[in-house]
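# Breakdown of the fold
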Amino acid sequence: ERKAPENFGKEGYVWNQIPYGKFERVLDLPAGLDLEKLKAHLHEGFLDVQIPLASAMKPKTIPIATGQAAKQIAA
């Protein structure tokens, strides 16, 4: 929430498009996020939001078997 400046609306002052008051922003988030581990930090007027991927959405490494060991052939 931003407060109106002290001299807002006083005689002799003209203000154009000065934002003040409450505001909100709504974002649609994709599926597969771990909202229980959401972190938000406000610093210098910026809101930093970190939402990690759910463990089910992280890529998995699958080992691939190559069959039997290579045989040496006499040439």
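As a starting point, this report considers the structure included with it.

Glancing now at the overall build of the chain. Each helix and strand in the chain was counted, giving 0 helices and 2 strands. For the chain, the exposed surface amounts to about 8,200 Å²; the carbon and sulfur share of it is 54%.

Here we take up the pattern of salt bridges. Summed over the entire model, instances satisfying the criterion amount to 1 salt bridge. Lys37 serves as the salt-bridge partner of Asp34, at 3.8 Å between the closest nitrogen and oxygen. Overall, the relative accessible area of 53% leaves Lys37 in the exposed class.

This paragraph deals with the pairing of strand 2 (residues 46-50). In the sheet, strand 1 (residues 39-43) pairs with strand 2 via 5 bridges, with the strands oriented antiparallel. Across the sheet, residue His41 finds its bridge partner in strand 2, namely Asp48. Count of turn residues in the strand 1/strand 2 antiparallel hairpin: 2 residues, of which Glu44 carries a positive phi of about 50°.

Look at Glu44: it is not a glycine, yet its phi comes out positive at around 50°. In this structure, Glu44 sits in the loop between strand 1 and strand 2.

Moving on, we get to the environment of Glu1. Note on placement: Glu1 falls in the segment before strand 1. Among the residues examined, Glu1 registers a relative accessible area of 60% and is labelled exposed. Put simply, Glu1 and Lys22 are 21 residues apart on the chain and 4.5 Å apart in space, counted from C-alpha to C-alpha.

Let us now look at the environment of Ser55. With respect to the element layout, Ser55 can be found in the segment after strand 2. Through-space distance from the C-alpha of Ser55 to that of Asp34 is 7.9 Å; in sequence the pair is 21 residues apart.

About the thresholds
- Residues numbered from 1 in each chain as written.
- Predicted model: local features only at pLDDT ≥ 70, side-chain atom pairs only at ≥ 80, totals over all residues.
- Heavy atoms only, no water.
- Helix = DSSP H or I, 4+ residues; strand = E, 2+ residues; numbered from the N terminus.
- Areas by Shrake-Rupley, 256 points an atom, 1.4 Å probe, with all protein chains shown as cover.
- Salt bridge = Lys/Arg side-chain N within 4 Å of Asp/Glu carboxyl O.
- Buried < 20%, exposed > 50% of the residue type's maximum accessible area, 1.4 Å probe, protein only.
- Pairing = 2+ DSSP bridges.

The values reported here are purely geometric and, on their own, carry no functional implication.
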